Amino acid sequence: MPRILPLFTKALTDSWRSTIAWGLGLTGAIMLYLPLYPSIGGSSQMQQMIDALPQGMTKALNYDQIATGTGYTQATLFGLIGFLLMSLASVGWGAAAVGGDEESGLLELTLAHSVTRIQVVLERALALVVRVAALALLVFVLVLVLNRPAQLGIDVGHLAGAVVLFAGLALLSGTAALCFGALTGRKVYGIAAGAAVAVLGYVFNAVGRQSPNMEWLLNLSPYHWAYGNSPVTNGADWGAAVGLLGISAALIAAGAVALQQRDVGV
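What you see is a predicted model; the values in this text were computed from it and never measured.

### Remarks on the overall build of the protein
- Each helix and strand in the protein was counted, giving 13 helices and zero strands.
- Reading the secondary structure of the protein in the N-to-C direction produces α-α-α-α-α-α-α-α-α-α-α-α-α.
- Radius of gyration (C-alpha) of the protein: 20 Å, near the 18 Å computed for a compact globule of 266 residues.
- If one aligns the C-alpha atoms of the protein with their principal axes, the spans along those axes are about 65 × 40 × 30 Å.
- Counting every position in the protein, which comprises 266 residues, the buried fraction comes to 47%.
- Considering only residue pairs separated by 6 or more positions, the protein has 77% of its internal contacts joining residues 24 or more positions apart.

If you want it as structure tokens, here you go:
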């Protein structure tokens, strides 16, 4: 009897070590940053340090928010170190899903079995979604555990919404990497595409927040779509969440169509 979702299952089992490694990295970052808040957040020394920095720099780094527990969590975890780690994990998985396999010659061997090209893309995309969701769930649980001890004052509903946007933002970079890997058959092009989504989104947000003349860049920044509303403090913009997930779904579909229509291994 044929297995259900065999490529999805294999993708998960083949990557369990990297999933655990990225989970440990996120755990380390959370345990390093969030427990520090009671000793530095809201203090006069912290406010003086923020005031001493150039205003453009504080806005670019979201440091104008860190005087509160919710703003500190948004700026340091979701907006910086967590965003970096999740983007790296998602882009790496997405680029390897099709482009990496084709470069190594394994994709041709896979297609020689009773699987279709569309099945390859969809099942490996599903594995990417599950891994990103697992890391996001880990972040939710850890922040929830530290919420009271670290005096962060985060509303649980706001935290849940922020985590959904956190996962959606990472997934957008990962699906861009998967799509371009399927389109070109090269892992490096997938990595470049996924990194471009993450880096340009961050840069456009940073530059757009510094000057009214540059605010138009915010409309081009997925980072701003997700975090412009400061979801840890104010709750999620669910329209932005739907938009991020919708674009990711479109990129997966585009990758499936691209792989279906071109020669593999050429």
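The discussion continues.
### A closer look at a nonpolar patch on the surface
- A cluster of nonpolar side chains, namely I4, L5, L126, V129 and V130, defines an oily patch on the protein surface of about 390 Å² accessible area.
- Mapped onto the elements, V129 comes out in helix α8 (residues 117-147).
- Note on V129: relative accessible area 31%, which makes it partly exposed.

### So, the side chain of Q74
- Within the secondary structure, Q74 is located in helix α6 (residues 69-104).
- A distance of 3.2 Å separates a polar atom in the side chain of Q74 from the backbone nitrogen of V232.
- Residues contacting Q74, with those up to four places away along its chain left out, are Q65, G79, Y227, S230, P231 and V232.

### Some details on the side chain of S173
- Turning to its location among the elements, S173 is positioned in helix α9 (residues 156-184).
- Residue classification places S173 among the buried residues on the basis of a relative accessible area of 1%.
- Here S173 is in contact with V91, G194, V197 and A198, once residues within four sequence places are set aside.

### A look at unusual backbone geometry
- Positive phi, close to 50°, is recorded for L5, a residue that is not glycine.
- Mapped onto the elements, L5 comes out in the segment before α1 (6-14).
- Positive phi values are uncommon outside glycine, yet Q151 reaches one of about 55°.
- Note that Q151 resides in the loop between α8 and α9.
- Judged by its relative accessible area of 54%, Q151 falls in the exposed class.

### Brief notes about the packing of helix α2 (residues 16-33) against α6
- At a closest axis distance of 11 Å, the pairing of α2 and α6 adopts a crossing angle of 170°. Judged by the inter-axis angle, α2 sits roughly antiparallel to α6. Seen from above, α2 lies across α6 with right-handed handedness. Together, S18, T19, W22, G25, L26, A29, I30 and Y33 of α2 and Y72, T76, L77, I81, G82, L85, M86, L88, A89 and W93 of α6 make up the contact between the two elements.
- Residue composition of the contact of α2 with α6, grouped by class: 13 nonpolar, five polar and no charged.

### Focus: the layout of surface pockets
- Taken as a whole, the largest pocket encloses approximately 580 Å³ of empty space.
- If you trace the largest pocket, you find 22 residues lining it, with K10, A11, D14, D101 and R124 closest to the centre.
- Put simply, the parts of the chain that give the lining of the largest pocket at least two residues each are α1, α6, α7 (106-111) and α8.
- Looking at the lining of the largest pocket, the element that brings in the most residues is α6, giving six residues.
- Split by residue class, the lining of the largest pocket holds nine nonpolar, six polar and seven charged.
- There is about 210 Å³ of room inside the second largest pocket.
- G79, L80, F83, L84, S87, L88, V91, I191, A195, A198, V199 and Y202 are the residues that line the second largest pocket.
- When contributions to the lining of the second largest pocket are tallied by element, the ones reaching two or more residues are α6 and α10 (187-208).
- Split by residue class, the lining of the second largest pocket holds ten nonpolar, two polar and no charged.

### Section: the pattern of salt bridges
- Summed over all chains, the structure comprises three salt bridges.
- For R124, the salt bridge identified is with D101, shortest N-O distance 2.8 Å. Of this pair, R124 sits in helix α8 while D101 sits in helix α6, and the two are 23 residues apart along the sequence.

Parameters and conventions
Residues numbered from 1 in each chain as written. Predicted model: local features only at pLDDT ≥ 70, side-chain atom pairs only at ≥ 80, totals over all residues. Heavy atoms only, no water. Helix = DSSP H or I, 4+ residues; strand = E, 2+ residues; numbered from the N terminus. Rg over C-alpha atoms; globule rule 2.2 N^0.38 Å. Buried < 20%, exposed > 50% of the residue type's maximum accessible area, 1.4 Å probe, protein only. Contact = heavy atoms within 4.5 Å. Patch = residues over 30% accessible without salt bridge, like charges linked within 9 Å, V, L, I, M, F, W, Y side chains within 5 Å. Areas by Shrake-Rupley, 256 points an atom, 1.4 Å probe, with all protein chains shown as cover. Salt bridge = Lys/Arg side-chain N within 4 Å of Asp/Glu carboxyl O. Polar contact = N/O pair within 3.5 Å; in protein donor to acceptor, adjacent residues only side chain to side chain. Axes fitted to C-alpha atoms, helices over the stretch in contact; angles between N-to-C directions. Parallel < 35°, antiparallel > 145°, perpendicular 65-115°, else oblique. Left-handed = near helix turned anticlockwise from the far one by under 90°. Nonpolar A, V, L, I, M, F, W, Y, C, P; charged D, E, K, R; others polar. 1 Å grid on protein atoms, 1.4 Å probe; cavity = no way out; pocket = protein on both sides within 12 Å on 5 of 7 lines; lining within 4 Å. Points joined across faces, edges and corners; volume = space filled by probe spheres on them.

Honestly, that's just the spatial picture; any functional story needs more than this.
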